[in-house]
Amino acid sequence: GKVLVAFAGLLCMAVAVLLAHTHGNALPLYFKATSILAGGLFGVFFLAFLSPRAHTAGVWVGVAANLLFTLYATLTAGPGRALDLGSWNFIWSTLLIGVIGHCVVVAVGWPASLLLKSRRPADRRLTLWGWREARAAGAAEECEPSPPRP
């Protein structure tokens, strides 16, 4: 616990020193960093909520694909790119890395969930479709006459 706190403190101090030496506003840098670090998180929830067939293995494949995409886009984006792949460089704004990452998780995780076998079936009640079925069943119960009271 103490080592982790010390490491986090040193990391925060390093980021503060880096921010102090940047030119311009820190807000765009924050947006870029959160876009890259949180990229794919919404995709995981979106996949789990919309697909009753999504399971752990498929989601992990989607997350791995997102990590590869994020690494590629981060290294090849912008004028100060760390890796120059010529016409294969990421040409869009770095703010789109996270947005595209969400799409990558869904686009790779969903077919991976269909192709890979799951050890246990997914709980359909936790998806949009299960919620709609429960809501429809609740509405149907409201329409049925209640039994007479003694």
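Here, the structure is the one placed above.
Rules used in this analysis
Residues numbered from 1 in each chain as written. Predicted model: local features only at pLDDT ≥ 70, side-chain atom pairs only at ≥ 80, totals over all residues. Heavy atoms only, no water. Helix = DSSP H or I, 4+ residues; strand = E, 2+ residues; numbered from the N terminus. Contact = heavy atoms within 4.5 Å. Areas by Shrake-Rupley, 256 points an atom, 1.4 Å probe, with all protein chains shown as cover. Lys, Arg positive; Asp, Glu negative; His and termini not counted. Charge placed at Lys NZ, Arg CZ, Asp CG, Glu CD. Axes fitted to C-alpha atoms, helices over the stretch in contact; angles between N-to-C directions. Left-handed = near helix turned anticlockwise from the far one by under 90°. Nonpolar A, V, L, I, M, F, W, Y, C, P; charged D, E, K, R; others polar. Buried < 20%, exposed > 50% of the residue type's maximum accessible area, 1.4 Å probe, protein only. 1 Å grid on protein atoms, 1.4 Å probe; cavity = no way out; pocket = protein on both sides within 12 Å on 5 of 7 lines; lining within 4 Å. Points joined across faces, edges and corners; volume = space filled by probe spheres on them.

Side note on the overall build of the protein chain
Of regular secondary structure, the protein chain possesses six helices and zero strands. Its helices and strands in sequence order give the protein chain the pattern α-α-α-α-α-α, from N to C terminus. By principal-axis analysis of the C-alpha atoms, the protein chain measures approximately 80 × 40 × 30 Å. Partitioning the intrachain contacts of the protein chain with sequence separation of at least 6 by distance along the chain shows that 70% fall at a separation of at least 24. Of the roughly 11500 Å² of accessible surface on the protein chain, 71% is carried by carbon and sulfur atoms. Counting 12 positive and 6 negative side-chain charges, the protein chain places the centres of these two groups 11 Å from one another.

Details of the packing of helix α4 (residues 56-76) against helix α5 (residues 96-115)
Each pair of packed helices can be described by the angle between their axes along with the distance between the axes. Running from amino to carboxyl end, α4 crosses α5 at an angle of 145 degrees, the nearest separation of the two axes being 7 Å. As for the relative orientation of α4 and α5, their crossing is right-handed in sense. Note on element contacts: α5 touches α4 through Ile97, Ile100, Gly101, Val104, Val105, Val108, Gly109, Ala112 and Ser113, opposite Gly58, Val59, Val61, Gly62, Val63, Ala65, Asn66, Phe69, Thr70, Ala73 and Thr74. The residue makeup of the contact of α4 with α5, split by class, is twelve nonpolar, eight polar and no charged.

Observations concerning the side chain of asparagine 66
Inspection of the secondary structure puts asparagine 66 in helix α4. Exposure remark for asparagine 66: the relative accessible area of 4% places this residue in the buried category. Excluding residues that lie within four positions of it along the chain, asparagine 66 makes contacts with Gly39, Gly40, Gly101, Val104 and Val105.

A few points about the layout of surface pockets
Considered as a void within the structure, the largest pocket measures approximately 420 Å³ in volume. Among the elements that line the lining of the largest pocket, the one with the most residues is α4, at three residues. Considered class by class, the residues forming the lining of the largest pocket number eight nonpolar, five polar and four charged. Considered as a void within the structure, the second largest pocket measures approximately 240 Å³ in volume. Along the walls of the second largest pocket sit Lys32, Ile36, Thr74, Ala77, Gly78, Pro79, Gly80, Thr94 and Ile97, which together make up its complete lining. Residue composition of the lining of the second largest pocket, grouped by class: four nonpolar, four polar and one charged.

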